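# Chains, contacts and geometry: an overview
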Amino acid sequence: MEIDCTNDDDRVNGGPAGVAPAPLPAGTRLLHIGPHKTGTTSIQGALFAAKDQLPSHGVVFPASTRHPMEAALAACARPAMMGDTAPTDKHWTRLLDQVAAAKTRTAVVSSEFFADAEDGATVRRIVEQLGGERVHVLVTLRPLARIMPSQWQQYVQNGLRMGYEDWLEHMLRKAPYEKPNPSFWRRHRHDRLVERWAGVVGPERVTVVVVDDADREGLMRTFEALLGLPAGLLRPVPDAANRSLTLAETEMLRNLNMEFRGNGLPDELYSKLVRNGAVMHMKNSCAPSPEDVKIATPGWALDAAAGIGAEMAGRIGALGVRVIGDPDILSARPKPPPWEPPAEPRIAPEVAAQALYGVLAAAAAVPVRHTAPAKARTVHQTSSKELVKVLGHRCLKKLRRH
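All of the points below concern the structure found in this document. None of the values given here were measured: they were computed from a predicted structure.

## Things to note about the sheet that holds strand E6 (residues 135-141)
Spatial strand order, E4-E5-E3-E6-E7-E8: six strands in an open sheet with parallel pairing. With partners counted over all chains shown, the strands left at the sheet margins are strand E4 (59-60) and strand E8 (322-324), one partner each. In this structure, strand E7 (residues 206-210) lies alongside E8, joined through three bridges in parallel fashion. Opposite valine 208, over in E8, you have valine 323 as the bridge partner. Along the sheet, helix H8 (residues 190-201) makes contact with strand E3 (29-32), E6 and E7, crossing E6 at roughly 175°.

## Here's the deal with the nonpolar core
Among the nonpolar cores identified, the biggest contains 44 residues, and Leu31, Trp92, Phe114, Ile126, Trp197 and Val208 are the most heavily contacted of them. For this core, the secondary-structure elements that each account for two or more residues are helix H2 (69-75), helix H3 (89-100), strand E5 (106-110), helix H4 (120-130), E6, H8, E7 and helix H12 (299-318). The biggest single contributor to this core is H2, with six residues. Discounting chain neighbours no more than four positions away, the residues touching leucine 31 are Val109, Phe114, Ile126, Leu130, Val135, His136, Val137, Leu138 and Trp197. Met148, Trp185, Met282 and Cys286 belong to the second largest nonpolar core, which has 39 residues in total.

## Points about the packing of aromatic side chains
Each aromatic ring pair is described using two quantities: the centre-to-centre distance and the angle formed by the ring planes. According to the stated counting rule, one finds eight aromatic pairs in the structure shown. For the ring pair tyrosine 164 and tryptophan 167, a centre distance of 6.3 Å and an interplane angle of 20° mean the geometry is stacked. Here the residue tyrosine 164 and the residue tryptophan 167 both occupy positions in helix H6 (residues 164-172), the gap between them amounting to three residues, near one helical turn. Comparing tyrosine 164 with tryptophan 167, the two get one shared label, buried. Centroid distance phenylalanine 260 to tyrosine 270: 5.2 Å. Interplanar angle 80°. Geometry classified as edge-to-face. Of this pair, phenylalanine 260 sits in helix H10 (residues 247-262) while tyrosine 270 sits in helix H11 (residues 267-285), placing them ten residues apart in sequence.

## Looking at the side chain of serine 183
Relative to the elements of secondary structure, serine 183 occurs in helix H7 (residues 183-188). What makes serine 183 buried here is its relative accessible area of 12%. In this structure the side chain of serine 183 is engaged in a polar contact, spanning 2.7 Å, whose partner is the side chain of tyrosine 155.

## Description of the packing of helix H5 (residues 144-156) against H10
Relative orientation of the contacting elements H5 and H10 amounts to 35°, with a least axis distance of 9 Å. Judged by the twist between their axes, the crossing of H5 over H10 is left-handed. Only Leu247, Thr250, Glu251, Leu253, Arg254 and Asn257 of H10 make contact with H5, whose side of the interface consists of Trp152, Gln153 and Val156. Counted by class, the contact of H5 with H10 contains four nonpolar, three polar and two charged residues.

## As for the pairing of E3
Of the two faces of E3, the one holding Arg29 and Leu31 and the one holding Leu30 and His32 are both buried throughout. One ladder, built from four bridges, connects E3 with E5; its direction is parallel. What sits directly across from arginine 29, in E5, is alanine 107. The pairing of E3 with E6 spans four bridges and is classified as parallel.

## Brief notes about the environment of leucine 130
By the element assignment, leucine 130 lies in helix H4. Distance from leucine 130 to leucine 96, taken between C-alpha atoms, is 6.4 Å for residues 34 residues apart in sequence. Those residues in contact with leucine 130, other than ones at most four positions away along the chain, are Arg29, Leu31, Trp92, Leu96, Val99 and Val135.

Conventions used here
Residues numbered from 1 in each chain as written. Predicted model: local features only at pLDDT ≥ 70, side-chain atom pairs only at ≥ 80, totals over all residues. Heavy atoms only, no water. Pairing = 2+ DSSP bridges. Helix = DSSP H or I, 4+ residues; strand = E, 2+ residues; numbered from the N terminus. Contact = heavy atoms within 4.5 Å. Axes fitted to C-alpha atoms, helices over the stretch in contact; angles between N-to-C directions. Core = buried A, V, L, I, M, F, W, Y, C linked by side-chain atoms within 4.5 Å. Buried < 20%, exposed > 50% of the residue type's maximum accessible area, 1.4 Å probe, protein only. Phe/Tyr/Trp six-rings, centres within 6.5 Å; stacked < 30°, edge-to-face > 60°. Polar contact = N/O pair within 3.5 Å; in protein donor to acceptor, adjacent residues only side chain to side chain. Left-handed = near helix turned anticlockwise from the far one by under 90°. Nonpolar A, V, L, I, M, F, W, Y, C, P; charged D, E, K, R; others polar.

Distances and angles like these do not, on their own, reveal function.
Here it is in structure tokens:
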């Protein structure tokens, strides 16, 4: 499938035999808006690793971290992840200053959270502040069938308590498809996402890259071509902290989320002890094994995702934006694996131990203050539910002191 763009030089054919895209004009502000689960972390890691080499090729990665998440959240007026520090305008202003310092060089800004911009007014303000007509928007897309399980377990890492199949029912079958995660379709109704940004910058300044999972380095080579970089400069950077959770790990966390909410513990504690303690340590310490049960999407949801993908690909093609890659990938239905008796997802003891250690390590990072013993009930006279609640509030009090 081939999609016409503004001129013959910009016409890009999908597949390995496709012609590499021409470099964007020098001084472009390339804004990569994701969305989530489309290779954003991989690109951000590669750009950050090559940060010192880019200027010699006329390109700048104006960010002090791999992912300027707080800046993007502030720009889109979106809240932080559960329990994290709220982003402020200072985060966004700092990034704008770094972009302005690029002057005539091409600057690359990448955050999947830009996909959370809800309306044209927000998009227009972001574009104008980044450079107006110098801004070129890049959208990376993958099939919904591959995004859904990854996005569900990511929501669980942010406190979601709903199981996968129930979550799919709400996202695909229960109108208006906004509960429990209204951000899902704001991000992943890709045709509307592209239309929202093209309506501000114009279709001639939007490039859509369809990510082919069979070509592991294809996205790196596409970025190199668009930025005029030598082939091979951008390389994947291993990042265990970004790996997806297995089904057993996700279910363990989901049950912990239910206990956490059921005991009324505060969000700040979740961020400190769970997401940045248990989950982060578990990811960094335990690689998934071939025996781990994977998150399986039921056939009816795969069919629904393929149908939505075909509709989105058709609408994106009609918008007049440049498309790199094969849009048919967006509607491909994954082949089901050979049937096997369903396996019970079980968490390995070492994985559970690493998760628990992550909590303890995060808690130990908070200095303990000695206080006078309270004249109240003993531990043995207090229910476990009350103990968890008291412990949570005590930890939070310590966090706020420091």
